[in-house]
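# Summary of the model geometry
The primary structure of each chain is shown beneath.
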Amino acid sequence: MARCQSENSYYLKDRLNMLFPILPDNVQTVTTLFNSKITSISYQDFDINFARIDILDEDISQINNIVETVQSGNRLEGKDYTNGNLNREI
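All chains use their own residue numbering, which begins from 1 and follows the written sequence. With the structure being a predicted model, the display of local features is reserved for residues of pLDDT at least 70 and the display and counting of side-chain atom pairs for 80 or more, all residues being used for whole-chain, interface and lining totals. To obtain the side-chain values, all non-hydrogen atoms of the structure were included, while hydrogens and water were left out.

## Digging into the overall build of the protein chain
Within the protein chain, the secondary structure is distributed over 1 helix and 5 strands. Strands here mean DSSP runs of E at least two residues long; helices mean DSSP runs of H or I at least four residues long; both are numbered from the N terminus. Ordered by position in the sequence, the α and β elements of the protein chain form the string β-β-β-β-α-β. Burial analysis of the protein chain (90 residues in total) assigns 10% to the buried set. Residue contacts are defined here by distance: any two heavy atoms, one from each residue, within 4.5 Å place the two residues in contact. Considering only contacts in the protein chain between residues 6 or more positions apart, those separated by 24 or more positions represent 38%. Only protein chains enter the accessibility calculation, which uses a 1.4 Å probe; a residue is then buried when its area is under 20% of its type maximum, exposed when over 50%, and partly exposed in between.

This is the structure:
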């Protein structure tokens, strides 16, 4: 079996008209729902050896910037990024 070859893009739209990309995978029968903004957190406070980076639509220069930022222990900043409420109090 091969991954879905369709060029269609799927999204969920919330009440604020933010689009959440959906990535179906017909091989693993797992569908991934991504945040409407790029989630970027600093890994400096975590005792980890590896970090996972999901790449969806980025070009090679954006990918290189993302990798360099994560390797340096920093996070991407700006209106297109979120920390996913990592430090939010409940």
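There is more to say, and it comes next.
## Describing the sheet that holds strand β3 (residues 30-33)
Strand pairs in the sheet, formed through backbone hydrogen bonds, run parallel or antiparallel to each other. Any two strands between which DSSP finds at least two bridges are classified as paired. Read from one edge to the other, the open sheet built from 3 strands follows the order β1-β2-β3, with strand pairing classed as antiparallel. Unpaired on one side and paired on the other, β1 (10-13) and β3 mark the two borders of the sheet. Geometrically, the sheet is characterised by an average inter-axis angle of 30 degrees between neighbouring strands, direction not taken into account. In the sheet, β1 pairs with strand β2 (residues 19-25) via 4 bridges, with the strands oriented antiparallel. The partner of K13 across the bridge, within β2, is L19. Interaxial angle, 0 to 180 degrees, is taken between N-to-C directions of lines fitted to C-alpha atoms, where a helix line uses only the stretch in contact.

## What about the environment of F20?
By the element assignment, F20 lies in strand β2. Sequence separation of F20 and N35 is 15 residues, and the distance between their C-alpha atoms is 5.4 Å. With near-sequence residues (within four places) excluded, F20 lies in contact with Y10, Y11, L12, D14, L33, F34, N35 and S36.

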